[in-house]
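Residue-level structural notes
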Amino acid sequence: MFLVALTGGIATGKSTVSKVFRQNGVPVIDADAIARLVVEPGKPAWHKIKAAFGDGVFHSDSGELNRDALGKLIFDSVEKRRILNEITHPAIHRIIYKEVVKFFFLGHNFVVLDLPLLFETGVMINLMHKIITVTCEEDIQLTRLMDRNHLSEADAKKRIKQQMPLEQKCNQSHFVVENSGTLQDTEDQAMKILNVLQDSNQHWKIRGVIFATATILLSSIAWVLNYKYKFLSSN
């Protein structure tokens, strides 16, 4: 099984592309969904966020994280973003790795990891066999973000600038989906990429390496146990 990263800029339309993969039976591990899971009330990351940022970033009635309040706080401070990432990223990555292992044993040829900050963090880049970046025109991205998150133009631009420029992400990717046109056009692009990935035999190579490594390991253990048994028997 090999790993495929799906990334892009904020509000460029990654969910449209990931939906195409899901509809065709490809597992998609959504880092944003996991990020919401690890900060649920009572979770270790929830307690750490409260200790670091105070009660002001939580809803007083439910105790749930107030994402808008936290967003405004961290997007104005590089240091606070660093603190938040140090709290949440290890927990997010642990769940992602567990999900990858699960899908490996379920026999899937490849898994798509929806990682909005793949290039920004750089943590998982070397694990990816292929990288897909979803991009769109700047004015479209800005409008989508303002409409989706109910932000002012200034706040939306600030959030976009916090991420690596889309052009740089595209230059470092194996596939690029241009999502400035119609929904059908975006879905067609995603399907072409899916067909290429499904035709790949990379999963057999990886499974072969894992099988060979496991065989060598088990053989070594068997040899050591046999040697110890003979040694004890002779004495």
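What comes next concerns the included structure. Computed from a predicted structure; not experimentally measured.

Attention shifts here to the pairing of strand β5 (residues 175-178). Across the two faces of β5 the burial differs, with Phe175 and Val177 buried and Val176 and Glu178 not buried at all. Pairing geometry for strand β4 (residues 130-135) and β5, over four bridges, is parallel. Each residue of the ladder has a partner; that of isoleucine 132, found in β5, is phenylalanine 175.

Before going further, it helps to examine the pairing of strand β3 (residues 110-114). Most of β3 is tucked away: five of the five residues are buried. In β3, alternate side chains face the same way, and those of Phe110, Val112 and Asp114 on one face and Val111 and Leu113 on the other are all buried. As judged from the five bridges shared by strand β1 (residues 2-8) and β3, these two strands associate in the parallel manner. In the sheet register, valine 4 faces β3, and the bridge partner there is valine 112.

On the surface, Glu137, Glu138, Asp139, Glu178, Asp185 and Asp188 cluster together into a patch of negative charge. For the negative patch, the elements supplying multiple residues, two or more each, are α7 (138-149) and α10 (183-199). Relative to the assigned elements, aspartate 139 resides in helix α7. Owing to a relative accessible area of 48%, aspartate 139 belongs among the partly exposed residues under this scheme.

To continue, consider the layout of surface pockets. The volume enclosed by the largest pocket comes to roughly 1600 Å³. In terms of lining, the largest pocket is formed by 46 residues, of which the most central are Asp32, Phe75, Pro116, Leu117 and Gln163. Mapped by element, the contributors of at least two residues to the lining of the largest pocket are α1 (14-23), α2 (31-38), α4 (67-74), α5 (78-105), α6 (118-121) and α7. With ten residues, the single largest contributor to the lining of the largest pocket is α5. Looking at the lining of the largest pocket residue by residue, the classes come out as 19 nonpolar, 14 polar and 13 charged. In terms of lining, the second largest pocket is formed by Gly9, Glu138, Gln141, Leu142, Lys157, Ile160, Lys161, Gln163, Met164, Pro165, Leu166 and Lys169.

This paragraph deals with the packing of α2 against α5. Helix-helix packing is characterised by the crossing angle of the two axes and by the distance between the axes. The N-to-C vectors of α2 and α5 enclose an angle of 120°; their axes lie 9 Å apart at closest approach. In this view, α2 runs oblique relative to α5, as classed from their interaxial angle. Along this stretch, α2 crosses α5, giving a crossing that reads as right-handed. Judged by residue contacts, Ala31, Ile34, Ala35, Leu37 and Val38 of α2 engage Ala91, Ile92, Ile95 and Ile96 from α5. When the residues that make up the contact of α2 with α5 are grouped by side-chain class, the tally is nine nonpolar, no polar and no charged.

Cut-offs and rules
- Residues numbered from 1 in each chain as written.
- Predicted model: local features only at pLDDT ≥ 70, side-chain atom pairs only at ≥ 80, totals over all residues.
- Heavy atoms only, no water.
- Buried < 20%, exposed > 50% of the residue type's maximum accessible area, 1.4 Å probe, protein only.
- Helix = DSSP H or I, 4+ residues; strand = E, 2+ residues; numbered from the N terminus.
- Pairing = 2+ DSSP bridges.
- Patch = residues over 30% accessible without salt bridge, like charges linked within 9 Å, V, L, I, M, F, W, Y side chains within 5 Å.
- Areas by Shrake-Rupley, 256 points an atom, 1.4 Å probe, with all protein chains shown as cover.
- Salt bridge = Lys/Arg side-chain N within 4 Å of Asp/Glu carboxyl O.
- Lys, Arg positive; Asp, Glu negative; His and termini not counted.
- Charge placed at Lys NZ, Arg CZ, Asp CG, Glu CD.
- 1 Å grid on protein atoms, 1.4 Å probe; cavity = no way out; pocket = protein on both sides within 12 Å on 5 of 7 lines; lining within 4 Å.
- Points joined across faces, edges and corners; volume = space filled by probe spheres on them.
- Nonpolar A, V, L, I, M, F, W, Y, C, P; charged D, E, K, R; others polar.
- Axes fitted to C-alpha atoms, helices over the stretch in contact; angles between N-to-C directions.
- Parallel < 35°, antiparallel > 145°, perpendicular 65-115°, else oblique.
- Left-handed = near helix turned anticlockwise from the far one by under 90°.
- Contact = heavy atoms within 4.5 Å.

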